[in-house]
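The residues making up each chain are set out below.
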Amino acid sequence: MLSMIGYAVGLGNVWRFPYLAYKHGGGAFLIPYVIMLSIAGLPLFFLESSFGQFCSQGPINVWKAVPILQGVGITMMLVSTFVAIYYNVILAYSIYYLFASFQYPLPWSNCSGWSEFPLLKSPLLHQPPEFSKTESGPPLEAKNSCEKQPDTPVFKINILGLTGPVVWHLALCLLLGWIMIGAALFKGIKSSGKVVYFTATFPYAVLLILLIRGVTLEGARNGIEYYIGTQSNLTKLSEAEVWKDAATQIFFSLSIAWGGLTALASYNKFHNNCYKDSIIVCVTNCGTSIFAGFAIFSILGHMAHVYGKPVSEVAQAGFGLAFIAYPDALSKLPISPLWSILFFFMLITLGLDSQFAGIEVITTCLQDAYPKFLKSKRGLITVIICVVLFLLGLPCVTGAGIYWVNLIDTFVAGWILLVAGLLEVFGLSCIYGGNRFIKDIEMMIGNKSAIFWIWWRSCWFFITPFVLLVILGWSVYTFTAPTYGTVEYPEWGIALGWCMTAFCLMWIPIVAVWRIAKASGGLWQRIKSTCVPTEDWGPYLERHRGERYGAKRALCTLNVHIPPLVTRTQRTRVSFF
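What counts, and where the lines are drawn
Residues numbered from 1 in each chain as written. Predicted model: local features only at pLDDT ≥ 70, side-chain atom pairs only at ≥ 80, totals over all residues. Heavy atoms only, no water. Helix = DSSP H or I, 4+ residues; strand = E, 2+ residues; numbered from the N terminus. Buried < 20%, exposed > 50% of the residue type's maximum accessible area, 1.4 Å probe, protein only. Contact = heavy atoms within 4.5 Å. Areas by Shrake-Rupley, 256 points an atom, 1.4 Å probe, with all protein chains shown as cover. Axes fitted to C-alpha atoms, helices over the stretch in contact; angles between N-to-C directions. Left-handed = near helix turned anticlockwise from the far one by under 90°. Nonpolar A, V, L, I, M, F, W, Y, C, P; charged D, E, K, R; others polar. Salt bridge = Lys/Arg side-chain N within 4 Å of Asp/Glu carboxyl O. UniProt positions renumbered as here; feature names shortened; annotations may be inferred. 1 Å grid on protein atoms, 1.4 Å probe; cavity = no way out; pocket = protein on both sides within 12 Å on 5 of 7 lines; lining within 4 Å. Core = buried A, V, L, I, M, F, W, Y, C linked by side-chain atoms within 4.5 Å. Points joined across faces, edges and corners; volume = space filled by probe spheres on them. Phe/Tyr/Trp six-rings, centres within 6.5 Å; stacked < 30°, edge-to-face > 60°. Lys NZ or Arg CZ within 6 Å of the ring centre and 35° of its normal. Patch = residues over 30% accessible without salt bridge, like charges linked within 9 Å, V, L, I, M, F, W, Y side chains within 5 Å. Parallel < 35°, antiparallel > 145°, perpendicular 65-115°, else oblique. Expected span 1.5 Å × (residues − 1).

Draft legend 1. Examining the overall build of the protein chain more closely. Looking only at helices and strands, the protein chain features 26 helices and four strands. In the protein chain, which comprises 577 residues, the proportion classed as buried is 56%. The contacts in the protein chain between residues at least 6 apart in sequence include a share of 81% that link residues at least 24 apart. Accessible surface computed for the protein chain: about 24,800 Å², of which carbon and sulfur atoms make up 67%.

Below you can see the structure in the form of C-alpha cells.
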C-alpha cells in the first residue's frame, strides 16, 4: 500500500494542485475536485488495482481477460517507458539543486549568484532572451534580466540556445538518479518495498516542517488566503474549465491507466482487501494535495510580502514553482540552506516513488512475457532497463533538454492516458462483463450486498465512461501546439510529438487485428472469440483457481458435463446448480 501511495503521490500534488486551487476559486475548487474523485478517480483506481490483484499479472497479461484489447497493456507500458525517461530528468534537476543547496548563501539568492550558477549553461529555468535589435532587425545581444530590473526577484535565466552538447553536471545527476532506482529495484518488490517505508513517508514530514515554518512568517496569511480564498468564489463552479481541470488533476494525480497500479497490485496477496486499499490511497493522495497547498502558499505569501508584490505575481505551477519561485522564497528565510535541502530532498523522494512503479511496469511486463527465461534474472533486467533509459534520457540534459521534457510530457503523458482508461473501463464492464468482474472481486474480498455494488456498477457502466469521454473530447477540441514560455516548437518538433503519440496508440488496433486474424472461423466468430477470456485466464496460483472452480471439478468427478464454450460466469452458475 505504501508503494501505491508513493506512486500516486508525486510532484503534481506539490506543484500543480495548489496552483489550480487558487486559480479556480480557492476552497470552492474542492467541490468539483471531490466530486471527480468520487465518480472518476476512485472507481478507476479500484477497478485497475482489483484487475491486477485478481490474476497477479502485469498490464499486458491481464488482458487475457479480453484478448482483443491486449494492445491497451502495451500502450500503458510504452507510456510508462517514455515518462520514465523524462521523469528521471526532473529527478536529476532536484539532485543538482540539492547539491547546490549545501552552500551559504544559496547560489540563486542574488543576480551575481545566478550568473555563477552552473545551471545557467542549461536552460533548466529560463525565459526567452530579450534581444536588442538594430533597425534592420537582427538580434545583437541578449540582455540579462537582472541588469534590466535589479530590484526584481530573479526567477528566470535566459536561454543560451535551442541546441547544445550534453550538460555534464546534469548528466551525472541523471546517472545518480538511475543508480538509486536500480539499487532499490534490484531485487524487485522485496527491495523496493523496504525503501518505500522511507520514501513514501518522508515527504509528509518535510511538508509538515515547511508548513510550521511557513505559518510563522510574516505575510503567510496572505498566501494561505490567496490559496483557499477568504471567500470562496462559488461562481467559478459554473465554468466548464474548472470541472475539466478537476477531473484531469484527479485522473493524472492518481496515476490511472499508466499500468503501475496493475503491476503493483499483481504482487498483493490474493485475498488482500484491495477495496480498502483503494479508499486509503485515494483519500491520502487528495489529502496530500490539499495539505501541500498550505505549505507552499504560506512561504510564497512571505516572499510576496518581502518583495511587496501580490501573491498572484509569485504563484506559479510546474517547473516555475519547484525550480524558480519556491527556491527563491526559501533563499529569503533564515538558515536558507536547511530549508532548501529539505525541499529538494522531498522532491527527490516523491520522484523516486513514482519511478519505482514506472520501472516495475516494464520489468513486470517483460517477465510475464518470458517467465521461464526472465523470472530468475530480475536484477539483470533492472540494470539493463536503467542503463538503456539513462542513455535515452541524455538528450533531455542537453542545452535543449527542457524542450524535450516538455514535448514528451505533452504528447505522451496527456490524452493517451484518457484513451487507455476509457478502453480499460469499457473492456471490463461491457466486454468482459461488469457482473463477472464483480464476482471476481468478491472472490478476493468476500461477498458484498447488492446495495454495496449499486454505486460501482453505476460508475463503471455509465458515469465514469461519460466523464472520460467528455474530458477526452474537451482535450482534443482545445488542443493547441505546445510551447515553453513564449517559445514555439518548430514543425518537425510537433511532428515528432505526434509520432510518439501514434507509436504508443498504434498497438491497440494492431494487436486487435492480429488477434482476430489468428482466430478461426468467420469474421464475426473471430471477433467474438477474441472477446472471450483465454483458457489460462484467472487467478495465478492453482489453489486460488480451486476456490473458483472447485464446485465445477466436483461435478466433473460425477461425470457432469459442462460445455467448454460457455462463459466462465455460466460455468459457475452450472456448477453451483
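From this point, the narrative continues.
Draft legend 2. Just the side chain of Glu360, in detail. Along the polypeptide, Glu360 turns up in helix H16 (residues 336–369). In this structure, Glu360 is in contact with Leu185, Ile189, Ala263, Leu264, Tyr267 and Arg378, ignoring residues within four places of it in sequence.

Draft legend 3. Summary view of the packing of helix H10 (residues 202–215) against H16. Their axes nearest at 9 Å, the elements H10 and H16 cross at an angle of 150°. Note on packing geometry: the crossing formed by H10 with H16 is left-handed. In contact with Phe202, Pro203, Val206, Leu207, Ile209, Leu210 and Arg213 of H10, H16 contributes Trp339, Leu342, Phe343, Phe345, Met346, Thr349 and Leu350. Class assignment of the residues belonging to the contact of H10 with H16 gives a composition of 12 nonpolar, one polar and one charged.

Draft legend 4. Spotlight on the pattern of salt bridges. As enumerated under the stated definition, the model contains four salt bridges in all. Note that Asp536 is salt-bridged to Lys64, the shortest N-O span being 2.8 Å. Note that Asp536 is positioned in the loop between helix H24 (523–530) and helix H25 (542–557) and Lys64 in the loop between helix H4 (30–55) and helix H5 (70–100), a separation of 472 residues in sequence. Overall, Asp536 belongs to the partly exposed group, its relative accessible area being 42%.

Draft legend 5. How the structure looks around the UniProt feature "binding site: Na(+)" (unreviewed entry) in the protein chain. Sequence positions flagged by UniProt for "binding site: Na(+)" (unreviewed entry) are, in local numbering, Gly6, Ala8, Val9, Asn13, Ser253, Asn285, Leu350, Asp353 and Ser354. Despite a sequence span of 349 residues, these residues sit close together in the fold, their greatest C-alpha distance being 13.3 Å. Lining residues of the largest cavity drawn from the annotated list: Asp353. Relative to the helices and strands, Gly6 resides in helix H1 (residues 2–8).

Draft legend 6. Spatial organisation of the side chain of Ser354. Here Ser354 shows up in helix H16. Judged by relative accessible area, which is 11%, Ser354 ranks as buried. The contacts of Ser354, once residues within four sequence positions are left out, are Gly6, Tyr7, Val9, Gly10 and Tyr87.

Draft legend 7. Looking closely at the nonpolar core. If you look at the biggest cluster of nonpolar residues, it comprises 177 residues, and the most contacted ones within it are Trp178, Ile181, Leu300, Tyr326, Phe343, Ile359 and Trp460. Considering every element that reaches this core, the biggest residue donor is H5, with 22 residues. Setting aside anything within four residues of it in sequence, one finds Ile359 in contact with Ala84, Trp178, Ile181, Leu185, Ile385 and Leu389.

Draft legend 8. Quick look at empty space enclosed by the protein. Scanning the model with the defined rule gives one cavity of 30 Å³ or more in all. There is about 60 Å³ of room inside the largest cavity. Ser3, Leu185, Ile189, Ser192, Val196, Leu264, Asp353, Phe356, Ala357 and Glu360 together form the lining of the largest cavity. Of all the elements in the fold, those that place two or more residues in the lining of the largest cavity are helix H9 (189–199) and H16. No other element matches the four residues that H16 contributes to the lining of the largest cavity. A breakdown of the residues in the lining of the largest cavity according to their chemical character gives six nonpolar, two polar and two charged.

Draft legend 9. Quick peek at the packing of aromatic side chains. Per the counting criterion, the structure on display carries 33 aromatic pairs. The interplanar angle of 80° and the centroid separation of 5.3 Å between the aromatic rings of Phe51 and Trp63 together place this pair among those described as edge-to-face. Linking Phe51 in helix H4 with Trp63 in the loop between H4 and H5, this pair joins segments that are 12 residues apart in sequence. According to the relative accessible area criterion, Trp63 is buried, its value standing at 1%. Between Phe202 and Phe345, the ring centres sit 5.0 Å apart and the planes meet at 75°, which makes this aromatic pair edge-to-face. One end of the pair, Phe202, is in helix H10; the other, Phe345, is in helix H16, with 143 residues separating them in the sequence. Take Phe202: its relative accessible area is 17%, and that puts it in the buried class. On the basis of relative accessible area, Phe345 is assigned to the partly exposed category, the value being 29%. Stacked on the ring of Tyr432, the Lys or Arg Arg436 has its end atom at 4.8 Å from the ring centre.

Draft legend 10. Here's a closer look at a nonpolar patch on the surface. Side chains of Phe99, Phe102, Trp168, Leu172, Leu175, Leu176, Ile179 and Met180 sit close together on the surface and give an oily, nonpolar patch of about 820 Å² of accessible area. Residue contributions to the nonpolar patch peak at six residues, all from helix H8 (residues 168–185). In this structure, Phe99 sits in helix H5. When its relative accessible area of 46% is taken as the criterion, Phe99 is described as partly exposed.

Draft legend 11. Up close: the packing of H8 against helix H18 (residues 378–393). Relative to each other, H8 and H18 sit at 160°, their axes nearing to 10 Å. Considering the angle they form, H8 stands roughly antiparallel to H18. Of the two elements, H8 crosses H18, and the hand of that crossing is right-handed. Contact residues: H8 offers Ala171, Leu174, Leu175, Trp178, Ile181, Gly182 and Leu185, while H18 offers Arg378, Thr382, Cys386, Leu389, Phe390 and Gly393.

Draft legend 12. Expanded view of H8. An ideal rise of 1.5 Å per residue puts 26 Å on 18 residues; H8 measures up with 26 Å between its terminal C-alpha atoms. Those residues of H8 not exposed but buried are His169, Leu170, Ala171, Cys173, Leu174, Gly177, Trp178, Ile181, Gly182, Ala184 and Leu185. Among the structural elements, H5, H9, H16 and H18 are those in contact with the buried residues of H8.

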